[in-house]
Amino acid sequence: MGCCASNQGGGSKASRVKRWRSTGIIGLRDSKLKTFPDVVIDMERAVRTLDLTHNKISDVPGDISKLINMQRLLIADNLIERLPGNLGKLQSLKVLMLDGNRISYLPDELGQLIRLEQLSIARNMLIYLPDTIGSLRNLVLLNVSNNRLKSLPESLGSCASLEEIQANDNVVEELPASLCNLMQLKSLCLDDNQVKQIPDGLLKDCKSLQNLSLHNNPISMDDFQLMEGYQEFEERRKKKFDKQIDSNVMISSKGLDVGVDK
């Protein structure tokens, strides 16, 4: 792979850096890196997309704040345990992918990423999300599946653009009432948690909600069907399903139910 050519001579490295500067796209996926590349930091404002997926990087330097024009940071499947507070200075960032690391907490400065649209940090060791996540008003997708979360923060209800929340395989026991504020929310996935009930107004107030998945939670189908707004939710869900069928989209049988085990 071309991204692994760093030891094959200065000319090769120089041409690669020149290409990176020209495109703004740095691809170093599967490059067996153990440290964050200095050459990337040196490029500063030229970086638009940085892909460091599937390496052995354990530390993200504070100097990452120099990449102020970066819009996409993909650093999944590494060995990262913590993120620097300076990450909050990357205010052009729209996509942040951190799946498959060892991160146990996110810095409060995360809330400074005001343009962030996608945050995926599945398969980590998170025990909580910072309250500052509520400042991410442009966030559309949040994926925190396969962590150790016991709850979702009340501030999440301030993420007005949220359309999809994936929080499967945690130990979430209760959901914040503020989720009812998410008018754009279309999909809420909470399989394999400890949720006993959902906020009273969720089905009624979240008028865009089409998919609610609660498999393997201690919540009964009877309780779910008695909630205010259930019939309207069912109509939206069926309309979505009918549209998928009309478009010849294949879906699993799991997608045919409302996502609550009977």
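Within every chain, residues take consecutive numbers counted from 1 along the sequence as written. Reporting of local features is limited, given that this is a predicted model, to residues whose pLDDT is at least 70; pairs of side-chain atoms are given and counted only at 80 or more, and all residues count toward the totals for whole chains, interfaces and linings. The basis for the side-chain values is all heavy atoms of the structure; hydrogens and waters are excluded.

A. Structural context of the overall build of the chain. On a plain count of helices and strands, the chain comes out with 5 helices and 9 strands. The way it works is that DSSP assigns letters per residue, a run of H or I at least four long becomes a helix, a run of E at least two long becomes a strand, and they are numbered from the N terminus. For the chain, the N- to C-terminal ordering of α and β elements is α-β-α-β-β-β-β-β-β-β-α-β-α-α. Partly exposed describes any residue whose relative accessible area lies between the buried limit of under 20% and the exposed limit of over 50%, with all areas from a 1.4 Å probe on protein chains only and scaled to the type maximum. Residues classed as buried in the chain amount to 48% of the 262 residues present. Here the analysis covers contacts within the chain between residues at least 6 apart in sequence; of these, 34% occur between residues at least 24 apart. For every accessible area listed, the method is Shrake-Rupley and the probe measures 1.4 Å; residues are considered covered only by the protein chains on display. Accessible area of the chain: about 13100 Å², with a carbon and sulfur share of 45%. Whether two residues are in contact is decided by their heavy atoms, any of which lying within 4.5 Å being enough.

B. Quick look at the pattern of salt bridges. Here, a salt bridge means any Lys or Arg side-chain nitrogen found within 4 Å of an Asp or Glu carboxyl oxygen. For the structure on display, the rule yields 5 salt bridges. In this structure, the salt-bridge partner of D77 is R123, at a minimum N-O distance of 3.1 Å. With D77 in the loop between strand 3 (72-74) and strand 4 (95-97) and R123 in the loop between strand 5 (118-120) and strand 6 (141-143), the pair connects residues that are 46 residues apart, well separated along the chain. Look at R123 and you get partly exposed, because its relative accessible area is 41%. The salt bridge partner of D205 is K204, with a shortest N-O separation of 2.9 Å. On the basis of relative accessible area, K204 is assigned to the partly exposed category, the value being 31%. Among the charged side chains, a network of salt bridges with common partners joins E234, R237 and K238.

C. Spatial organisation of a negative patch on the surface. A surface patch of like charges, here negative, comprises D38, D42, E44 and D63. With respect to the helices and strands, D63 occurs in the loop between strand 2 (49-51) and strand 3. The exposure class assigned to D63 is partly exposed, which follows from its relative accessible area of 41%. The patches described consist of residues with a relative accessible area above 30% and no salt bridge, like charges being joined within 9 Å and nonpolar side chains (Val, Leu, Ile, Met, Phe, Trp, Tyr) within 5 Å. Note on charges: Lys and Arg go in the positive column, Asp and Glu in the negative column, and His and the chain ends are not counted at all. A charged residue contributes its charge at one atom only: NZ of Lys, CZ of Arg, CG of Asp or CD of Glu.

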